[in-house]
Amino acid sequence: MADLMTYRDAVAEGLAREMRRDPAVVCLGEDIGAAGGVFKTTVGLLDEFGPDRVRDTPISEQAIVGMAMGAAMTGIRPVAEIMFSDFLACCWDYLANEIPKMRYMTGGQVTVPLVVRTANGGGLGFGAQHSQAVENWALAVPGLKIVAPSTPADVVGLLASAVRSDDPVVFFEHKGLFASRGEAAPEGHVVPLGEAAIARPGTDITVVALAATVPIALAAAEELAAGGVSAEVIDLRCLVPLDMATVLASVGRTSRLLIVEENPYQGGWGGTVASIVADEGFELLDAPPRRVAAECVPLPFADALEDEVIPTTAKVTAALRALLDY
Amino acid sequence: MTATMEAPELLRCYEQMAVIRGTEKAVHDLFLAGLVKGTTHLAAGHEAVAVGASAALRPDDYVFATYRGHHHAMARGATPAECLAELMSKATGVCKAKGGSMHLTKASAGMLGSYAIVGAHLPLAAGAAWSARLRGTSQVAVAFFGDGATNIGAFHEALNLASVWSLPVLFICENNLYMEYTPIGSVTAADHPAADRAASYRLPSEVIDGNDVVVVADAVGRAAERARAGHGPTVLEAQTYRHFGHSRTDPASYRPADEVAEWLSRDPLDVASRRLAEAGVAQADISAAADRAAETVAAAVAQAKAADGADPAQALTDVWADGGHQWRT
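Attention in this report is confined to the structure presented alongside it. (Residues numbered from 1 in each chain as written. Chains lettered and ligands numbered in written order. Predicted model: local features only at pLDDT ≥ 70, side-chain atom pairs only at ≥ 80, totals over all residues.)

## Things to note about the overall build of chain B
For clarity, the threshold we go by: A run of H or I in DSSP counts as a helix once it spans at least four residues, and a run of E counts as a strand once it spans at least two, with each numbered from the N terminus. Note on method: radius of gyration uses C-alpha positions; expected globular size equals 2.2 Å times residues raised to 0.38. To sort residues by burial, count the other C-beta atoms lying within 10 Å of each one's C-beta; a count of 20 or more means buried, 12 or fewer means exposed, and anything in between means partly exposed. C-beta atoms are built from the backbone. The contact criterion used is a C-beta to C-beta distance within 7 Å, with each C-beta placed from the backbone.
Counting secondary structure elements, chain B contains eleven helices and eight strands. Computed over the C-alpha atoms, the radius of gyration of chain B is 19 Å, within 12% of the 20 Å expected from 2.2 N^0.38 for a compact globule of 329 residues. Expressed as lengths along the three principal axes of its C-alpha atoms, the size of chain B is roughly 60 × 50 × 40 Å. Classification of the 329 residues of chain B by burial places 57% in the buried group. Put simply, 75% of the contacts in chain B that link residues at least 6 apart link residues at least 24 apart.

The structure is reproduced here in structure tokens:
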């Protein structure tokens, strides 16, 4: 049996591999040093790489991401941690106005090779200001690459590509997946940005998912398999670059599409996927593209309430059955 | 301490300030002629801050400026022609006409951008200083900003962290007394909006005459020396004054006439000219420098006017490092 690794440990492993490979890679963020990160995703880095390359910061999100940008413009490859993705709002100027625009508005003079890592998503009862899935915020900004892995091996492989990218990358780690286990990444594992994975092959319906909605989609597909339905689950892995070629090819085989996203339906990334399929794959479809997304409300605290808002296996299973019956 | 500068260097600074002044006036005229669009935030009156600082910095030091940044771009080595071409939407613009007046950048000269979100670039300068330390280069980074930037969070976050990490960064405020249309004193709980805040972050500060290029060069030189020696950041507050309004549409009628007259009597070009005369430089040599500056500006205007317009194909380049803009397969 292959070695198993947690998603949480994969983050530290992926960072350590890149820091060993390239002395220009440095990390900064709140509590990432001696504390090893509030989610324990940077454990061991301070001991191995020392305080010059693993730096604790004050609670100053603008300084964290702004300093990462200034360092990235001048020969360093910083990996900045924003503890909860909700806090991206505190430094959104840098993600919306500074980092993604610098190369363009200088006519290509400036390169900003940085990664902003952040713990994203709900399901853990952290309430409305620590639970949001905000990958759609980043998708609204041209000039950012967006990664959201679902497995430990993908965490390592996509982190390698993100750190090596000369473009800025927002790397969403899902809080609900930190404790999950999967196959460990082999040495030198690199997953290119913008290549979706077929997490489960199937022939009857396509399910497009991202990060924590991948295991939900897989569980739903498993339930349907008992009834003889073969659902194909695509793990997008990245929102930019967006691998629509894989999605369209799958829809060409199955003729049905369900998108499962944790961000709100209102402005969620599934709307972009659905619009491209409607535009470029209209003739492939035997049913309307549908989305299971979060309700358009702030995230509630209690489990019983949160389950009403974000995607669950039961909701996905029901949506799949409805689409198959269409 | 009496600030000093050798006469040949002072004459060079005088000519460079005259080029910047002439270029800013040309921008004003070109705007009225319909050849510059959007808006402009002219730096006429602020020339000594940029030219004095640049004279004291190393060529490989980093400069980050604001949307009122034409003077910094030119002081660091952007040519008047490529700046004017940028403002006139020409293909030869310093940013290929993709940035415009508020984003002049000359990365090859260490001029790493003009930023139009107030205060955003202070953390960037701190980051560049951190990078210099990590790479062991002894470079310093400089953030120039207006008085208005001292009331935004990024200013305070940058000063705090730069101090804690003792970074080789200079924070230089160009205090021109007005936050856009509002007197800075009426919205700030400090007499000197930048310098008075420095002590809160255990940083040294100086309030200096920003209209005297020699004073600026001297203060920046000392601060840069401290930074390179590992003694951390310095906050400088250079007192200066705009000769135009905040932006193109602002006639600055809110400024009292006697205040304007007083500041115009301390025009940085006149201050430098008087210093040159005191240093024994002949009036004919000072006039010759002014004439050369006027010729430089006239040639730059002609060159920018004659350049081709921006290539529409450039709209879809330079998003990604591969030069393109593809976001999906």
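Anyway, onward from the coordinates.
## Brief notes about the packing of helix H4 (residues 80-87) of chain B against helix H11 (residues 283-306) of chain B
All names here are of chain B. Keep this limit in mind: Only the stretch in contact is used when fitting a helix axis, every axis being a line fitted to C-alpha atoms; angles between N-to-C directions are given from 0 to 180 degrees. Note on terminology: angles under 35 degrees are roughly parallel, angles over 145 are roughly antiparallel, angles of 65 to 115 are roughly perpendicular, and the others are oblique. Less than a right angle of anticlockwise turn of the near helix away from the far helix marks a crossing as left-handed, whereas a clockwise turn marks it as right-handed. Classes in brief: Ala, Val, Leu, Ile, Met, Phe, Trp, Tyr, Cys and Pro nonpolar; Asp, Glu, Lys and Arg charged; the others, Gly included, polar.
Close contact between H4 and H11 brings their axes to 8 Å; oriented N to C, the two are set at 40°. It follows from the interaxial angle that H4 and H11 lie oblique. Both H4 and H11 take part in a crossing whose hand is right-handed. Residues Pro 80, Ala 81, Leu 84 and Ala 85 of H4 lie in contact with H11, whose contacting residues are Thr 296, Val 297, Ala 300, Val 301, Gln 303 and Ala 304. Each residue belonging to the contact of H4 with H11 can be placed in one class, and the counts come to eight nonpolar, two polar and no charged.

## Observations regarding the environment of Arg 292 of chain B
Residue position: Arg 292 of chain B is located in helix H11. Along the sequence, Arg 292 of chain B and Ala 18 of chain B sit 274 residues apart, while their C-alpha atoms lie 9.1 Å from each other.

## A word on the interface of chain B and chain A
Taken residue by residue, the interface counts 37 residues in chain B and 41 residues in chain A. Only strand E2 (111-115), helix H5 (121-135) and helix H6 (153-164) of chain B provide two or more residues apiece to the side of chain B that touches chain A. For the side of chain B that touches chain A, the element with the highest residue contribution is H5 of chain B, accounting for eleven residues. Here the residues of the side of chain B that touches chain A sort into 21 nonpolar, ten polar and six charged.

## A word on the nonpolar core
Most often, soluble globular proteins have nonpolar side chains that are buried together. As a reminder of what qualifies: Only buried Ala, Val, Leu, Ile, Met, Phe, Trp, Tyr and Cys residues enter a nonpolar core, and they are joined through C-beta atoms within 7 Å. An automatic or database domain assignment is the source of the domain bounds shown.
One finds Ala 125, Ala 126, Val 142 and Val 169 of chain B to be the most contacted residues of the largest nonpolar core, which totals 216 residues. Split by domain, this core shows at least three residues from each of two domains, domain 1 (4-183) and domain 2 (197-324) of chain A.

## Structural notes on the sheet that holds strand E3 (residues 141-146) of chain B
Residues and elements named next belong to chain B. The condition is simple: Strands are treated as partners if at least two bridges between them are detected by DSSP.
Here six strands make up an open sheet; going across it, the order is E2-E1-E3-E4-E8-E7 and the pairing parallel. This sheet does not close on itself; its edge strands, each paired only once, are E2 and strand E7 (205-209). Neighbour-to-neighbour, the strand axes of this sheet turn through a mean angle of 20°, independent of strand direction. Against the sheet, helix H2 (residues 47-56) contacts E3, strand E4 (169-175) and strand E8 (234-239), and its axis sits at roughly 160° relative to E4.

## Section: the sheet that holds strand E9 (residues 197-200) of chain A
Residue and element names in this part refer to chain A. Read from one edge of the open sheet, five strands run E9-E11-E10-E13-E14, paired in mixed fashion. The two strands at the open ends of the sheet, each matched to only one other strand, are E9 and strand E14 (290-294). Averaged over neighbouring strand pairs, the angle between their axes works out to 25° when direction is ignored. The strands touched by helix H10 (residues 269-280) within the sheet are strand E10 (205-209), strand E13 (257-264) and E14, with E13 carrying the most contacts at an inclination of about 155°.

## Comments concerning the pairing of strand E2 (residues 25-29) of chain A
Residue and element names in this part refer to chain A. For E2, the tally of buried residues reaches five of five residues, placing the bulk of the element in the interior. Alternating residues of E2 divide into Val 25, Cys 27 and Gly 29 and Val 26 and Leu 28, and every residue in both groups is buried. Examined bridge by bridge, E2 and strand E4 (residues 77-84) share five bridges and lie parallel to one another. Paired with Gly 29 across the two strands is Glu 81, which belongs to E4.

## As for the packing of helix H1 (residues 7-32) of chain B against H4 of chain B
Working note: a packed helix pair is described by the angle between its axes plus the distance between those axes. All names here are of chain B. Contact pair H1 / H4: the axes reach a minimum separation of 11 Å and the direction vectors enclose 20°. Put simply, H1 runs roughly parallel to H4. Along this stretch, H1 crosses H4, giving a crossing that reads as right-handed. For the pair H1 and H4, contact is made by Val 19, Thr 23, Ala 26 and Val 27 and by Pro 80, Cys 83, Leu 84 and Leu 87, respectively. Its residues assigned to classes, the contact of H1 with H4 comprises seven nonpolar, one polar and no charged.

## Here we look at helix H3 (residues 61-72) of chain A
Defined as follows: The length a helix should cover is 1.5 Å for every residue beyond the first.
The end-to-end C-alpha distance of H3 of chain A, which contains twelve residues, comes to 16 Å, matching closely the 16 Å that a straight helix rising 1.5 Å per residue would cover. Buried within H3 of chain A we find Glu 61, Gln 62, Ala 63, Ile 64, Val 65, Gly 66, Met 67, Ala 68, Met 69, Gly 70, Ala 71 and Ala 72 of chain A. For H3 of chain A, the elements touching its buried residues are E2, E4, helix H4 (92-98) and strand E5 (115-120) of chain A together with H5 and H6 of chain B.

In short, geometric facts, not functional conclusions.
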